[in-house]
Amino acid sequence: MEKIKFTLTDDETVEFFVLEQTVIGGVSYILVTESDEDEAEALILKDLSGQGEEEALYEVVEDDGELEAVSKVFQEMLEDVEIDL
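Presented here is an overview of the structure given in this document.

**Points about the overall build of the protein chain**
Now for step 1: Each helix and strand in the protein chain was counted, giving 1 helix and 5 strands.
Now for step 2: Reading the helices (α) and strands (β) of the protein chain from amino to carboxyl end gives β-β-β-β-β-α.
Now for step 3: For 85 residues, the compact-globule formula gives about 12 Å, and the C-alpha radius of gyration of the protein chain, at 13 Å, lands near that figure.
Now for step 4: In terms of its C-alpha atoms, the protein chain occupies a principal-axis envelope of roughly 35 × 30 × 20 Å.
Now for step 5: Expressed as a percentage of its 85 residues, the buried residues of the protein chain come to 25%.
Now for step 6: Contacts in the protein chain between residues far apart in sequence, at least 24 positions, make up 23% of those at least 6 positions apart.
Now for step 7: For the protein chain, the accessible surface area stands at approximately 6,400 Å², while carbon and sulfur atoms represent 41% of it.

Rendered as structure tokens:
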């Protein structure tokens, strides 16, 4: 499982394990968790960066409709994972 580092502010970073990634309607999403243990909290992040930008810009998906749709895709991709909203 790949682990990536996100910069939240100039001096604050957090590392996430990337469980899966997908593209829906031309928008990239990643499913991440802070722990690689079972029953860990997970977040769905949406890539907001523009084409050709050197660094990606991610935002937590908070819109209920978008969150539900993307979580269903991830559940289908990861058959052994259940996502509770």
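Now that the structure has been shown, we can carry on.
**A few points about the side chain of Thr33**
Now for step 1: Structurally, Thr33 is set in strand 3 (residues 27-33).
Now for step 2: On the basis of relative accessibility, which here comes to 4%, the residue Thr33 falls in the buried class.
Now for step 3: A distance of 3.2 Å separates a polar atom in the side chain of Thr33 from the backbone oxygen of Ser35.
Now for step 4: Other than its neighbours up to four places away in sequence, Thr33 contacts Phe16, Phe17, Leu19, Ala40, Glu41 and Ala42.

Rules used throughout
- Residues numbered from 1 in each chain as written.
- Predicted model: local features only at pLDDT ≥ 70, side-chain atom pairs only at ≥ 80, totals over all residues.
- Heavy atoms only, no water.
- Helix = DSSP H or I, 4+ residues; strand = E, 2+ residues; numbered from the N terminus.
- Rg over C-alpha atoms; globule rule 2.2 N^0.38 Å.
- Buried < 20%, exposed > 50% of the residue type's maximum accessible area, 1.4 Å probe, protein only.
- Contact = heavy atoms within 4.5 Å.
- Areas by Shrake-Rupley, 256 points an atom, 1.4 Å probe, with all protein chains shown as cover.
- Polar contact = N/O pair within 3.5 Å; in protein donor to acceptor, adjacent residues only side chain to side chain.

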